[in-house]
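Structural features, examined
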Amino acid sequence: MTTHNAVPKYNHFLDLSDLTTEQAQSIIANAKRLKAEIQGRPHGTVHPERPLQDITLAMIFEKPSTRTRVSFEMAIHQLGGNSLVLQGGDTQLGRGETVADTSRVLSRFVDAIMLRAREHDALLEMARTGSVPVINALTNWSHPCQIMADVLTYEEHRGSIKDKIVAWSGDGNNVAVSWIHAAVLFECELRLACPPEYLPPQEALDWAEARGGRITVTQDPSAAAKDCDLMITDTWVSMGDTNAEERLSTLAPYQVNEALMALAKDDALFMHCLPAHREEEVTTGVIDGPQSVIWDEAENRLHAQKAILMWCLGK
Ligand code: CP
Ligand code: NVA
């Protein structure tokens, strides 16, 4: 009898909507601790307790990545574990082997799977059919790891995000969906300014409304930005989007520029998950300006994901 799984009890990290407020807050608190523990040390420093010693994470990418790939590789390294990177197209997935068969096989080799998938359903299938924790590293539906890093970043700079006003101007995309989930979880107000063509999915808004989320959708970026504590945007053309020209023109009025930032609170922060397109969704003056915390936000992918990995593996 094969005993292939050394991880008897684990959690998937598929969407923030699966977490309780307490779970999300404890992951953020652990991320803060893990960050402090190796502050000022070389990036290759392993946390002294090696909490994920002997654990191997497989990372599957069906779409390109810079931050997610490097931060997850460094995260598992810093926790004392190992990683291997699989480009989806280079595996038998690219030749039609099913997600379910892939998941069952990988579960015999590795202790956790991180998947950046074209289709959210593939992520859910991976989680359903394997026997190790599965982490959402971005799908067409959501990007929960990113928003854990965003919340960590906000709280480092300004304290608790609870009851703060978060404004989003631009495409109601996968990152916006995870912010909708986060607004409920972390109890902040979220105002989304999106054109009618690119509204966030109604399913996410309904989920939030059923849980008392303070979320408004407007076509007026100024109304969203007024007195906000945090202004966020993302690319107007996400990976997999095909109608780039049409998107750039429809979303143009939603650009985050100096005039829009002037409506926010004086101490408001600006965030962008990156990669950014300067002078499209955000002006150079804003993204490289004094309110922008994008480099801290990018770095915090590493620390947030260490905490996510530990939570997934029951540590
Ligand atoms: N923000 C983010 O997920 O970046 P990558 O696409 O580079 O991983
Ligand atoms: N919305 C973007 C996020 C990239 C990190 C995309 O899906 O391409």
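Only a predicted model underlies this, so the values are computations on that prediction, with no experimental measurement involved.

Remarks on the site of ligand 1
- All residues in the neighbourhood of ligand 1 are listed as Ser65, Thr66, Arg67, Thr68, Arg116, His143, Gln146, Cys273, Leu274 and Arg301.
- At 2.9 Å, a side-chain N or O of His143 approaches an oxygen atom of ligand 1.
- With respect to ligand 1, the backbone of Leu274 contributes an N or O atom lying 2.9 Å from a nitrogen atom.
- Against a free-state accessible area of 250 Å², the protein chains account for coverage of 96% of ligand 1.
- Looking at side-chain class alone, the shell around ligand 1 contains two nonpolar, five polar and three charged residues.

Focus: the sheet that holds strand S6 (residues 189–193)
- Read across the sheet, five strands follow the order S7-S6-S5-S8-S9 without closing on themselves; strand pairing throughout is parallel. Because the sheet does not close on itself, it has two edges, and the strands there are strand S7 (214–218) and strand S9 (269–272). Between one strand axis and the next, the sheet turns by 20° as a mean value, whatever way the strands run.
- Where S6 meets S7, five bridges bridge the pair, whose relative direction is parallel. Bridge pairing in S7 places Ala193 opposite Thr218.
- The sheet strands contacting helix H5 (residues 144–158) are strand S8 (230–233) and S9, and the helix crosses S9 at an angle near 160°.

Details of the site of ligand 2
- Near ligand 2 the following residues occur: Leu138, Asn173, Asn174, Asp234, Thr235, Ser238, Met239, Cys273 and Leu274.
- For ligand 2, a nitrogen atom lies 3.3 Å from a polar atom in the side chain of Asn173.
- In the model, an oxygen atom of ligand 2 is placed 2.8 Å from a nitrogen or oxygen of the Met239 main chain.
- Expressed as a share of its isolated accessible area of 270 Å², the protein-covered part of ligand 2 is 95%.

Section: unusual backbone geometry
- The residue after Leu274, namely Pro275, is reached through a cis peptide bond having omega 5°.
- Structurally, Pro275 can be placed in the loop between S9 and helix H11 (284–287).
- One non-glycine residue with positive phi stands out, namely Asp227, at about 60°.
- Here Asp227 shows up in the loop between helix H8 (221–225) and S8.
- Assessed through its relative accessible area of 37%, Asp227 is described here as partly exposed.

What to know about the packing of H5 against helix H6 (residues 174–185)
- Their axes nearest at 9 Å, the elements H5 and H6 cross at an angle of 55°. Accordingly, the angle class assigned to the pair H5 and H6 is oblique. Relative to H6, the crossing made by H5 is right-handed. Note on element contacts: H6 touches H5 through Val175, Ser178, Trp179 and Ala182, opposite Pro144, Ile147, Asp150 and Val151.
- Its residues placed into classes, the contact of H5 with H6 shows six nonpolar, one polar and one charged.

Quick look at the pairing of strand S2 (residues 82–87)
- Bridge analysis of strand S1 (residues 56–61) against S2 gives six bridges, and the strand direction is parallel. Counted as the bridge partner of Ile60 is Leu86 from S2.
- Once you follow S1 into helix H2 (residues 67–78) and on to S2, the crossover reads as right-handed.

Looking at the nonpolar core
- With 65 residues, the main nonpolar core has Phe13 and Trp179 as its most contacted residues.
- Aside from chain neighbours lying at most four places away, what touches Phe13 is Leu19, Ile27, Val134, Ile135, Asn136, Pro144, Cys145, Met148, Ile308, Trp311 and Cys312.
- With 19 residues, the next largest nonpolar core counts Ile165, Ala224, Val256 and Ala264 among its residues.

As for the packing of aromatic side chains
- Under the criterion given, the structure shown has one aromatic pair.
- For the pair Phe13 and Trp311, a centre-to-centre distance of 6.5 Å together with 80° between the ring planes defines the contact as edge-to-face. Remark: Trp311 occurs in helix H12 (residues 294–312) and Phe13 occurs in the segment before helix H1 (21–37); sequence separation between them is 298 residues.

Scoring rules and cut-offs
- Residues numbered from 1 in each chain as written.
- Chains lettered and ligands numbered in written order.
- Predicted model: local features only at pLDDT ≥ 70, side-chain atom pairs only at ≥ 80, totals over all residues.
- Heavy atoms only, no water.
- Near = heavy atom within 4 Å.
- Polar contact = N/O pair within 3.5 Å; in protein donor to acceptor, adjacent residues only side chain to side chain.
- Areas by Shrake-Rupley, 256 points an atom, 1.4 Å probe, with all protein chains shown as cover.
- Nonpolar A, V, L, I, M, F, W, Y, C, P; charged D, E, K, R; others polar.
- Pairing = 2+ DSSP bridges.
- Helix = DSSP H or I, 4+ residues; strand = E, 2+ residues; numbered from the N terminus.
- Axes fitted to C-alpha atoms, helices over the stretch in contact; angles between N-to-C directions.
- Contact = heavy atoms within 4.5 Å.
- Buried < 20%, exposed > 50% of the residue type's maximum accessible area, 1.4 Å probe, protein only.
- Parallel < 35°, antiparallel > 145°, perpendicular 65-115°, else oblique.
- Left-handed = near helix turned anticlockwise from the far one by under 90°.
- Right-handed = clockwise from strand over helix to strand, strands pointing away.
- Core = buried A, V, L, I, M, F, W, Y, C linked by side-chain atoms within 4.5 Å.
- Phe/Tyr/Trp six-rings, centres within 6.5 Å; stacked < 30°, edge-to-face > 60°.

In short, geometric facts, not functional conclusions.
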